[in-house]
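Structural characterization, general
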Amino acid sequence: GRPDPCIMVLFGATGDLAQRKLFPALFELARQRLLPQHFAVVAFSRSEHNLEQFRAQVKEGLKKFARTQPLDEATWELLSSKLDMMTGAYDDPASYQRLREHLERIGERFGTQGNQLYYLATPASTFPSLLEGLSGSGLLYRENPEVKRPWRRLVIEKPFGRDLTTAKELNRSLAAVLDEKQIFRIDHYLGKETVQNILVFRFANAIFEPLWNRQHIDHVEITAAEKIGVEGRGRFYDETGVIRDMVQNHLLQVLALCAMEPPVSFAAEDIRDEKNKVFRALRPMVGSEVEKYVVQGQYRGYREEQGVGKDSRTPTYVALKTYIDTWRWQGVPFYVRAGKSLSKRVTEVSIHYKSVPHCLFNTSDTCQRLQPNVLTLRIQPREGIALSFESKVPGEDINIAGVTMDFDYANSFHKPVPEAYERLMLDCMRGNTTLFARQDSVEQAWAWVTPIIDSLDSGKGGALHTYEPGSAGPDAAAALLSRDGRRWMELK
Ligand code: BG6
């Protein structure tokens, strides 16, 4: 059913994320009549805008970024009638007082029954003053099951802190004001259909899970390659870098879903418990290991991007090798890479099975060419799952060639795959935390990446390789695998 009536209070409503992802998601939910019947969005903006300007700006963004084009006018009328805004300062208590009064009026007008969802789509540096303002004014409060009051939820965008220390501080300030159930730490990868499908694939089928372990799997590769560069986000990106931007959150979450043990149920806390165990079991990289197991790169031309330092050492590419120290995964390397300005956009996980124990096909040539099976979970684009295996080429002789069994979402379901933010926004309104990062796992993930980032920053973690835009990344990344007699999937 439809979520509870509520107001979404949006901070950062004129920013890049709101324009590219949040409003398009709200628009799509409105189009499918999935928003609460009694609903409003109040944008809290630091710059002076009037409501008409703001609506026009949102509409312009939707024309570019909404999933269904051309824009459906009736849906736009519906969404636009629910958009509202007010201007204020993040560090000014009087602004929160005005926000409070404003929300009361909007609540009455739209019949939202006092429920409020605060969405922080602002830079991480603003979180402390926002939290203080919202709790100081009584807008945010801890829910107590004994006392019936309208609900309060807080959605917080990444990056969640800069390192382990700042993430812990942020978690502490959140916990001082809210119960964990009220906190939604967004990681939009968890909202992707294909990422959610990892658990369904593993646990709704009987034939894969028995092979999902060190006895049968040789190694696992996770790739998130992007074609785009930093695209107008230079200032943000230069302070962030690829490990904070992609690895600490998105890729470790995907890795956890692939590597976790079966949860006792599909309930939020059961899944989150199992994922957390994976984060705890990630083998820490210490001292010279960073140089050995991590390759960092920066694309040529990055330093000329707007907002980027002329002598910036921020990596836009990383490739690394890690292990998960558990019974299931002992000795199985997980190779992870992510980068911008590469030859193509592709995010996928590939599970590489072991070779056959003994080759029967007499010519040594055939035996050498036998390829191990690879199961590929294609997260994007061309969402799907493929299994490669060897097959006899028709004819008298035994000639063998690789073939694939391929499942493609578009062909099987004949409907577009929803955007991650659509699902995640609905889940916030429904109070379902399953697809959000929990306090402990965010900290575990930071605990693992922080020493790596520190070592790279201090120059002890090895060279920063330059790579050509449109290439497959630095050669050193290929060497990381070839040393082990392996190869990355090709980025053709
Ligand atoms: C965001 C990062 O979280 O994820 C961006 O900040 C990156 O730098 C984006 O481009 C990738 O998301 P997607 O959904 O396009 O794979």
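Above: the structure in question.
Report follows, based on the coordinates. (Residues numbered from 1 in each chain as written. Predicted model: local features only at pLDDT ≥ 70, side-chain atom pairs only at ≥ 80, totals over all residues. Heavy atoms only, no water.)

This brings us to the state of the cysteines. What the rule picks out here adds up to one disulfide. Left unpaired, Cys6 is separated from the closest cysteine sulfur, that of Cys428, by 9.6 Å. Assessed through its relative accessible area of 0%, Cys6 is described here as buried. Using a relative accessible area of 1% as the deciding quantity, one classes Cys428 as buried. (Disulfide = S-S within 2.5 Å. Buried < 20%, exposed > 50% of the residue type's maximum accessible area, 1.4 Å probe, protein only.)

Quick look at helix H14 (residues 439-457) now. For H14, which comprises 19 residues, the first-to-last C-alpha distance of 26 Å matches the rise-based estimate of 27 Å (1.5 Å per residue) to within 8%. By the largest-angle criterion, Val449 marks the main kink of H14, which is about 30°, and a proline, Pro451, follows within four residues. Those residues of H14 that fall on the buried side of the exposure criterion are Ser441, Val442, Glu443, Ala445, Trp446, Trp448, Val449, Thr450, Ile452, Ile453, Ser455 and Leu456. Looking one or two residues beyond H14, the residue adopting positive phi is Gly459, at roughly 85°. (Helix = DSSP H or I, 4+ residues; strand = E, 2+ residues; numbered from the N terminus. Expected span 1.5 Å × (residues − 1). Bend = angle between axes of the 7 residues up to and from the residue.)

Aromatic ring pairs: the centre-centre distance and the angle between the two ring planes describe each pair. Tallied over the full model, the rule gives 17 aromatic pairs. Where Phe11 meets Phe44, the ring centres are 5.0 Å apart and the plane angle is 45°; that geometry is what we call tilted. Taken as a pair, Phe11 in strand S1 (residues 6-11) and Phe44 in strand S2 (residues 39-45) lie far apart in primary sequence, 33 residues in all. For Phe11, a relative accessible area of 0% translates into the label buried. Looking at Phe44, the relative accessible area reads 1%, which means it is buried. Relative to Phe413, the ring of Phe407 has its centre 6.1 Å away and its plane inclined at 85°; by these criteria the two rings are edge-to-face. An aromatic cluster of three or more residues is present, and its members are Tyr237, Tyr299, Tyr302, Tyr317 and Tyr467. Residue placement shows Arg153 over the ring face of Trp151; its charged tip is 3.6 Å from the ring centre. (Phe/Tyr/Trp six-rings, centres within 6.5 Å; stacked < 30°, edge-to-face > 60°. Lys NZ or Arg CZ within 6 Å of the ring centre and 35° of its normal.)

Turning to the environment of Glu305, a few remarks are in order. Looking at where Glu305 falls in the secondary structure, it is placed in the loop between strand S8 (294-299) and strand S9 (317-322). In this structure Glu305 comes out as partly exposed when scored by relative accessible area, which is 25%. Between the C-alpha atoms of Glu305 and Gly229, which are 76 residues apart in sequence, the distance is 9.0 Å. Apart from the residues lying within four places of it in its own chain, the contact partners of Glu305 are Val230 and Tyr299. (Contact = heavy atoms within 4.5 Å.)

Around the ligand, the neighbouring residues are Lys158, His188, Tyr189, Lys192, Glu226, Arg233, Asp245, Met246, His250, Lys340, Arg345 and Gln380. Contact distances for the ligand include 2.5 Å between an oxygen atom and a side-chain N or O atom of Lys192. Residue Asp245 places a side-chain N or O atom 2.5 Å away from an oxygen atom belonging to the ligand. Burial of the ligand by the surrounding chains reaches 84%, relative to a free accessible area of 400 Å². For the shell around the ligand, the leading source of residues is helix H8 (residues 234-259), giving three residues. Grouping the constituent residues of the shell around the ligand by class yields two nonpolar, three polar and seven charged. (Near = heavy atom within 4 Å. Polar contact = N/O pair within 3.5 Å; in protein donor to acceptor, adjacent residues only side chain to side chain. Areas by Shrake-Rupley, 256 points an atom, 1.4 Å probe, with all protein chains shown as cover. Nonpolar A, V, L, I, M, F, W, Y, C, P; charged D, E, K, R; others polar.)

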